[in-house]
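Read off the chains here:
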Amino acid sequence: MFRHPAPARHDAVALQAGVLGSVLGVVLFKAIALSALASGSLMVIGLWLLACVLLGAWALAAYLACLALSRRVFVLMLVLCTVLMICLA
């Protein structure tokens with residue numbers, strides 16, 4: 001007979017994905033804030049933008065994985081990430 005995995009297991013994995021997404025989101029926020037300091041050649045600015053896009057895509061993937069596993073953990077991580085960004089800004 002097919003057994004469903006325990007919801008606590010999904011919450012733990014969702015929490016890990018949410019934490020990863022939050023950390024990457026904060027790093028992306030700070031990278032964009034520091035982009036004003038990235039003056040110089042077009043290649044440097046292009047690499048900076050590429051790094052920001054990759055961080056954003058990775059954070060989005062982590063948040064979507066968190067959302068797919070547990071909505072309540074996703075909402076909790078979204079609120080905590082917002083509060084953290086407000087505190088760091």
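Everything below is about the structure shown above.
The structure contained in this document is the topic of the report that follows.

Cut-offs applied
Position numbers for residues start from 1 in each chain and track the written sequence from start to end. Totals for whole chains, interfaces and linings use every residue, but because this is a predicted model, local features are given only for residues with pLDDT of at least 70 and side-chain atom pairs only at 80 or more, for both listing and counting. In computing side-chain values, all of the structure's heavy atoms are included and hydrogens and water are not. Comment: elements are numbered from the N terminus, with helices defined as DSSP H or I runs of at least four residues and strands as E runs of at least two. Relative accessible area decides the class of each residue, using a 1.4 Å probe on protein chains only: under 20% of the type maximum gives buried, over 50% gives exposed, and in between gives partly exposed. By the convention used here, residues are in contact when the closest approach between their heavy atoms is within 4.5 Å. The method behind every accessible area is Shrake-Rupley, applied with a 1.4 Å probe, and residues are considered shielded solely by the protein chains displayed. Residues belong to a common nonpolar core when they are buried Ala, Val, Leu, Ile, Met, Phe, Trp, Tyr or Cys residues joined through side-chain atoms within 4.5 Å. Patches here: salt-bridge-free residues with over 30% relative accessible area, like charges joined within 9 Å, nonpolar side chains (Val, Leu, Ile, Met, Phe, Trp, Tyr) joined within 5 Å. Just to be clear on terms, a salt bridge is a Lys or Arg side-chain nitrogen sitting within 4 Å of an Asp or Glu carboxyl oxygen. Polar contacts, as counted here, are pairs of nitrogen or oxygen atoms within 3.5 Å of one another; within protein the pair requires one atom able to donate a hydrogen and one able to accept it, and residues that are adjacent in sequence qualify only if both atoms are side-chain atoms.

1. A look at the overall build of the protein chain
Part 1: Each helix and strand counted, the protein chain has three helices and zero strands in total.
Part 2: From first element to last, N terminus to C terminus, the protein chain shows the α and β order α-α-α.
Part 3: The proportion of buried residues among the 89 residues of the protein chain is 26%.
Part 4: Nonlocal contacts in the protein chain, meaning residues at least 24 apart in sequence, comprise 75% of its contacts between residues at least 6 apart.
Part 5: Carbon and sulfur atoms make up 79% of the accessible area of the protein chain, which amounts to about 6400 Å² in all.

2. Section: the nonpolar core
Part 1: By size, the foremost hydrophobic cluster in this structure holds nine residues: Ala14, Ala17, Val26, Tyr63, Cys66, Val73, Phe74, Met77 and Cys81.
Part 2: In terms of residue count, helix H3 (residues 71–88) provides more of this core than any other element does, four residues in total.
Part 3: Ranked by size, the runner-up nonpolar core spans six residues in total, among them Leu24, Ala31, Cys52 and Leu55.

3. Concerning a nonpolar patch on the surface
Part 1: On the surface, a cluster of nonpolar side chains totalling about 300 Å² of accessible area is made up of Leu15, Val19, Val23 and Val27.
Part 2: Of note, valine 23 is situated in helix H1 (residues 7–33).
Part 3: According to the relative accessible area criterion, valine 23 is partly exposed, its value standing at 47%.

4. Brief notes about the environment of valine 73
Part 1: Among the secondary structure elements, valine 73 is positioned in helix H3.
Part 2: In sequence terms valine 73 and glutamine 16 are 57 residues apart; their C-alpha atoms lie 9.8 Å from each other.
Part 3: Among residues more than four places away in sequence, those in contact with valine 73 are Asp11, Ala14, Leu15 and Cys66.

5. Focus: the side chain of serine 70
Part 1: By secondary structure assignment, the location of serine 70 is in the loop between helix H2 (42–69) and H3.
Part 2: For serine 70, a relative accessible area of 6% corresponds to the buried category.
Part 3: From its side chain, serine 70 meets the backbone nitrogen of valine 73 in a polar contact 3.4 Å long.
Part 4: Each residue touching serine 70, except ones within four places of it in the same chain, is listed here: Asp11 and Ala14.

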